[in-house]
Amino acid sequence: MQKASLLCSSNPISSPPTYLHTCRPLTVPIRIRFSPSLFAFSSLRFPLNRLHGQRHGFSPLHSTATEEMVEASKNVSSFVEIGYISSVHGLQGEICIKPNTDFPELRFCKAGRRWLKQQVSGKETIKEVELVEGREHHGKKSWILSFSGIETVDQARQLVGSTLLAEEEDRPHLEEGEFYTRDLVGMRVILKETGEVVGTVVNVFNSGANDLLHVMLKSAEPMPNGSEELSSLAEAGDSGPLVWVPFVKEIVPNVDMNRREMLITPPTGLLELNVRSDERSKKERRQLEWKERKRFQKRLIAAKKKLSEMEQQHVFHGFRFGEKSQASLLADQIVSVNSKLLQQALENVEIASKRWTITESLTGTKLVRNRLRISEKRFTPSTSEEKLGTNFTLQEKALQLISKGKVAVVLDMSDHKNRGKEYDLILSSSTSRENSETSSLQMLLCDDERFVKAEYRSSMPLVLISLADEIISMKKLFSSSNYFGFDPEKVWFLEEERLPVVSSLLEQNRHKILMKSPWEILQSPVGSGGVISLLSSDNIMENLAQNGIKYIQVCNGERYISRSSSLLLGLVNEKESEIGIQIFEHSEDVEEGFGMVFSIDTMKKLTRQIHKLQFYAIAKPNSHVELVEKKWVHVEPSSPNSYEFYSTIFSCINACSLDKLCVMEITE
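Numbers given for residues are sequential positions, taken from 1 along each chain in its written order. Local features in this predicted model are restricted to residues of pLDDT 70 or higher, and side-chain atom pairs are both shown and tallied only at a pLDDT of 80 or more, whereas totals for entire chains, interfaces and linings draw on every residue. Neither water nor hydrogens contribute to the side-chain values; these are computed over all heavy atoms in the structure.

## Structural notes on the overall build of the protein chain
Logical step 1: Counting from the N terminus, the helices are DSSP H or I runs at least four residues long and the strands are E runs at least two residues long. A count of helices and strands for the protein chain gives 18 helices and 32 strands.
Logical step 2: Across the 668 residues of the protein chain, 57% fall into the buried class.
Logical step 3: A separation of at least 24 residues holds for 74% of the contacts in the protein chain among residues at least 6 apart in sequence.
Logical step 4: The protein chains shown are the only cover counted for residues, whose accessible areas, like all others here, come from Shrake-Rupley with a 1.4 Å probe. About 29,100 Å² of surface is accessible on the protein chain, with carbon and sulfur atoms providing 49% of the total. For every residue, the accessible area (1.4 Å probe, protein chains only) is compared with the maximum for its type, and the residue is labelled buried under 20%, exposed over 50%, or partly exposed between those bounds. Contacts: residue pairs with any heavy atoms within 4.5 Å of one another.

Encoded structure:
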């Protein structure tokens, strides 16, 4: 019997087609402590179907519990990877290591023999080392180790880029119902009710909420030539499509390690979610995958050219170090950089000390004529004509527009209100949020009093903006909840806009992009202003216009209340305004619970002019790595050494004349 959930994560990958030819077995300890709910199967439609609105394809999955990888080459077949050495620490020969194991205390604190895998003169070598001691580098998701005989910075630098190994036979003992990922890969998948073999597990991924088995279904077609990479994992005949199966007790009730098979009880339609609807041959599908890889290479070349024009070539140094998966991660990072937005932000660096505020734009000599002040107490579940008074007609106008499918909603779930009410806390870390976005969104969408009524949802486009590591959970939530009444073809899932962090000191007349590791660009969220940039992607605006949308509501999902939003919508419609703004009286941070309404024409104009977004730079201390004399060095600043860029969505009102602007102020 299995317990309850699965702790497993995967190597960073760029896209499903690329992965299909490069999958490698992992040995992640899978702790099956299943959640009692069956919500998990929902996101399985996205890897092979069209990713509706996801800007960067299938984003790299970053390890939280991480993994221990088994190398395929013969000379390291008896070892598992437990981490890679990313930089030097201090002056005593200590090194920083990024863990790839679920057992960091055991692997890095217990003294004894370890092995280093290095590339020497183009050949892979393994060297035995003696671990003396190790300690966690708190807040950095890394560990600091010292090895016997390594006592100087120069000696430690020789190890940077190496992979730390441990003996496979030294794997920690797992409890009953726990498995290593490596042991699951290659297992046969069988329908429990009929005994029919449906396929083979080719890999396992961590999706945040639970883990997903990547299963290659059986096919009557023979494996085409050139498919050795997957054929080694799948038995003869298993050459069909790859689908996702949640590793939860309700769906995978039995795992037999001796017989190398697992029994599944999938919900109706689960195995068909990712199967291609067309009848293309294997050869045609391989050609499409090849074209996809070529398209990515073209995007990478273009992105590298743009960064080179900005004199940021140092970002490419990581390609000379590490392994294939790390180079793939760096390539994804480079392609994801919004160079136009970065250039705009860099041009605004000189106004780093000046923070744009909406108060400055809405007060002074030019007052906004179209204003509405209304008490928050009026927005109760029993809001009536009596409570709203003359404003009741505004709400009626809004409901008519919504019922006719003329309104799209953009929910920003990336928690800007928790990014600080003080100037230097706006861009605080989101790592402690875990799955709070998903739970908040679920509560919002299940409440007709707070959100749009279910009867109007099928005709309403919905755009959801989230942290990158919440996208998969959010997709699963929607799929398992029948999309909460929304049309799946009218729902977009977008990662929040991020920009690289740059050094605050000018180097050769430029601000240098900082690197989190040799293969990761240090980035930070740009704030609510990034919504404008996101809506300019994936032909979203063209799609909305074709569907007859007249207005777009952009709201903070944490404090969305349909009654106040509909009132603002009605006000914008009545006054024939271009932009409507909802603000709260006496709020220290106007972005706390922000809400705006845009006419479709105004939003289209803004998305064509994202270069006009206003940014200000915030000085922050950020640790990073640098390549010094062909060695990676870890830099720990004691004072602000970098700029993080921020933009507020309210800055877009500069593109609108005051007579075309509405403001609704909610009082206590």
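## Quick notes on the pattern of salt bridges
Logical step 1: Salt bridge, as used here, is a side-chain nitrogen of Lys or Arg placed within 4 Å of a carboxyl oxygen of Asp or Glu. This structure, assessed with the given rule, holds nine salt bridges.
Logical step 2: Across the pair Lys 117 and Glu 81 runs a salt bridge whose closest N-O atoms are separated by 3.1 Å. Of this pair, Lys 117 sits in strand β4 (residues 112-120) while Glu 81 sits in strand β2 (residues 79-89), and the two are 36 residues apart along the sequence. Each member of the pair, Lys 117 as well as Glu 81, carries the same accessibility label: buried.
Logical step 3: A salt bridge links Arg 295 to Glu 292; its shortest N-O distance comes to 2.9 Å. One end of the pair, Arg 295, and the other, Glu 292, are both in helix α6 (residues 282-309), three residues apart, so they sit about a helical turn from each other.
Logical step 4: Arg 295 gets classed as partly exposed once you look at its relative accessible area, which sits at 46%.
Logical step 5: Bridged by salt links that share partners, the residues Glu 81, Lys 117 and Glu 323 form one connected network.

## Examining helix α11 (residues 392-403)
Logical step 1: Helix length check: α11, at twelve residues, gives a terminal C-alpha distance of 17 Å against a target of 16 Å (1.5 Å per residue), a fit within 8%.
Logical step 2: Considered for burial, the residues of α11 that qualify are Phe 392, Leu 394, Gln 395, Ala 398, Leu 401 and Ile 402.
Logical step 3: One or two steps after α11, the chain reaches Gly 405, where phi turns positive at roughly 70°. Expected span, for any helix, means 1.5 Å times one less than how many residues it has.

## Observations concerning the confidence of the model for the protein chain
Logical step 1: Think of pLDDT as the predictor's per-residue confidence, scored from 0 to 100. The pLDDT averaged across the protein chain works out to 75; a share of 71% of its residues lies at or above 70.
Logical step 2: Per-element mean pLDDT across the protein chain ranges from 33 in helix α1 (residues 16-19) up to 96 in strand β19 (residues 498-500).
Logical step 3: Residue range residues 1-74 is modelled with pLDDT below 50. Its contacts to residues more than four positions away, or to other chains, number 286 contacts.
Logical step 4: Contacts for the low-pLDDT stretch residues 220-237, under 50 throughout, to residues beyond four places or in other chains number 28 contacts.

## Concerning the sheet that holds strand β20 (residues 502-506)
Strand pairing within a sheet occurs via backbone hydrogen bonds; the two strands may be parallel or antiparallel.
Logical step 1: Whether two strands pair depends on DSSP finding at least two bridges between them. Pairing in this open sheet of four strands is antiparallel, and the strands run β21-β20-β31-β28 from one edge to the other. Here the strands that pair on one side only, and so sit at the sheet edges, are β21 (511-513) and β28 (616-620). When the angles between neighbouring strand axes are averaged without regard to direction, this sheet yields 40°.
Logical step 2: Where β20 lies against strand β31 (residues 642-646), two bridges are found, and the strand directions are antiparallel. Among the inter-strand pairings, Val 502 is bridged to a residue of β31, identified as Tyr 643.
Logical step 3: A fitted line through C-alpha atoms represents every axis, and for helices the fit uses only the stretch in contact; the resulting angles, taken between N-to-C directions, go from 0 to 180 degrees. Across the face of the sheet, helix α8 (residues 339-347) comes into contact with β20, β21 and β31 while running at roughly 110° to β31.

## Topic: unusual backbone geometry
Logical step 1: With phi around 55°, Asp 538 is a residue other than glycine that occupies positive phi space.
Logical step 2: Within the element layout of this structure, Asp 538 appears in the loop between α15 (530-535) and α16 (540-546).
Logical step 3: A relative accessible area of 37% places Asp 538 in the partly exposed class.
Logical step 4: Although it is not a glycine, Glu 629 adopts a positive phi angle of roughly 50°.
Logical step 5: Residue position: Glu 629 is located in the loop between β29 (624-628) and β30 (631-635).

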